[in-house]
Amino acid sequence: MFTTLISAGDLAAHLEDPRWIVFDCRHDLADPTAGARAYAQSHVRGAVHVSLDGDLSGEKTGRNGRHPLPAAAAFCARMAERGLRNNMQVVAYDATGGAFAARLWWMLRWVGNESVAVLDGGWNVWQKAGLPVTADAASITPGDFRGSPHDITVDAAFVAAEIGNPRTRLIDARSPDRFRGENETLDPVGGHIPGATNRFFQCNLGSDGCFKPAAVLKQEFNAMLGNATPAQVVHQCGSGVTACHNLLAMEVAGLAGSRLFPGSWSEWCSDPQRPVATGAN
């Protein structure tokens, strides 16, 4: 069972295994149709495309963020429609270092499926290795996947109540400039939640586009956490997507047990009464 990362070689060895399913999670926040177009052009043989907006997000209200979580039952039904069966090994990949694949990884764990891994290095490593690709859409047989949500999220009220509490560590996965309130192009307000610290999700990757070794990730996260335990950590980003990359990196490092604020900055800043911080701190 693969529960965090899987190599391209290990996935290639299981492409014909009916107990395995691969999901193509490629996406571009600036062009929501780019993932589907990329899939139609070429993808891992047998992979099924899933959309961040259509499959991995719920209905937006204007106050719940840009990529709110769907209802757990609706998400499970959707994944079953996409071919997922109970007790299957899931592998998710994208072309952005796991930024979107990690969202599916986290969501499946949220509803109780531990047998899910992200392809380390993603589409880029797969292509470079010359492993099987195709332009043919996968033939989908609906599955029977079911799950129920685990208590691994927090809401905006929790975050607001914990501002200033040293026992809660809020980690923001956005780029440093957006964290500081500069160059904000996705949300109407720039800045960050007071008390948050910045860990750009791309810091989890090495120069080869794969995740850093577990020991390195553990050292880096422990330096941020100080005396805090993983259970005291809440992850957020712009809309609850790249925060999952930091959650995955902590799991790889052996630091399990932190939680996600799904609405993240896009939900937080939708209420003008909530405080906003700018700058590096």
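All values derive from a computational prediction rather than experimental measurement. (Residues numbered from 1 in each chain as written. Predicted model: local features only at pLDDT ≥ 70, side-chain atom pairs only at ≥ 80, totals over all residues. Heavy atoms only, no water.)

K.L.:
Is there a simple way to explain the overall build of the chain in this structure?
P.N.:
Along the chain, the regular secondary structure elements total 10 helices and 11 strands. On C-alpha atoms alone, the chain measures out to a radius of gyration of 18 Å, which is about the 19 Å that the 2.2 N^0.38 rule sets for 281 residues. With the principal axes as the frame, the chain shows a C-alpha extent of 50 × 40 × 35 Å. In the chain, once contacts between residues fewer than 6 apart in sequence are set aside, the share between residues at least 24 apart is 77%. The distance from the centre of the 24 positive side-chain charges to the centre of the 28 negative ones in the chain is 2 Å. (Helix = DSSP H or I, 4+ residues; strand = E, 2+ residues; numbered from the N terminus. Rg over C-alpha atoms; globule rule 2.2 N^0.38 Å. Contact = heavy atoms within 4.5 Å. Lys, Arg positive; Asp, Glu negative; His and termini not counted. Charge placed at Lys NZ, Arg CZ, Asp CG, Glu CD.)

K.L.:
Would you mind showing me how to read the sheet that holds strand β1 (residues 5-6) here?
P.N.:
Two modes of strand pairing occur in sheets, parallel and antiparallel, and in both the strands are linked by backbone hydrogen bonds. Strands sit in the order β1-β6-β5-β2-β4 across an open sheet of five strands; the sheet is parallel. Single-partner strands in this sheet number two, and they are β1 and β4 (48-49). The pairing of strand β5 (residues 89-93) with strand β6 (residues 116-119) spans three bridges and is classified as parallel. Within the sheet, the bridge partner assigned to alanine 92 lies in β6 and is valine 118. (Pairing = 2+ DSSP bridges.)

K.L.:
Would you mind going over the nonpolar core with me for this structure?
P.N.:
For soluble globular proteins, nonpolar side chains are generally found buried alongside one another. Counting 54 residues, the largest nonpolar core has Phe23, Phe75, Met79, Leu84, Leu104 and Leu108 as the members making the most contacts within it. Broken down by secondary-structure element, the contributors of at least two residues to this core are β2 (20-24), α3 (72-81), β5, α4 (101-110), β6, α8 (214-225) and α9 (243-252). A per-element tally of this core places α4 first, with eight residues. Leave out the neighbours within four places in its chain, and methionine 79 touches Phe23, Val50, Leu84, Leu104, Leu108 and Phe145. (Core = buried A, V, L, I, M, F, W, Y, C linked by side-chain atoms within 4.5 Å. Buried < 20%, exposed > 50% of the residue type's maximum accessible area, 1.4 Å probe, protein only.)

K.L.:
How do you make sense of the packing of α8 against α9 when you look at a structure like this?
P.N.:
A pair of packed helices can be characterised by two numbers: the angle between their axes and the separation between those axes. Contact pair α8 / α9: the axes reach a minimum separation of 8 Å and the direction vectors enclose 115 degrees. It follows that α8 is roughly perpendicular to α9 by the angle criterion. In terms of crossing hand, the pair formed by α8 and α9 is left-handed. Side by side, α8 and α9 meet where Ala214, Leu217, Phe221 and Leu225 of the first sit next to Asn246, Ala249, Met250 and Val252 of the second. Among the residues forming the contact of α8 with α9, the class breakdown is seven nonpolar, one polar and no charged. (Axes fitted to C-alpha atoms, helices over the stretch in contact; angles between N-to-C directions. Parallel < 35°, antiparallel > 145°, perpendicular 65-115°, else oblique. Left-handed = near helix turned anticlockwise from the far one by under 90°. Nonpolar A, V, L, I, M, F, W, Y, C, P; charged D, E, K, R; others polar.)

K.L.:
I tried to follow the sheet that holds strand β9 (residues 197-198) on my own but got confused; where do I start?
P.N.:
The four strands are arranged β9-β8-β10-β11 in an open sheet whose pairing can be described as parallel. The open sheet is flanked by β9 and β11 (259-260), the only strands paired with a single partner. As judged from the two bridges shared by strand β8 (residues 169-172) and β9, these two strands associate in the parallel manner. Residue pairing for β9: aspartate 172 is matched across the bridge by asparagine 198. Where α8 meets the sheet, it contacts β8, β9 and β10 (233-236), and its direction lies at approximately 125 degrees from that of β8.

Honestly, it's all geometry; don't read function into it.
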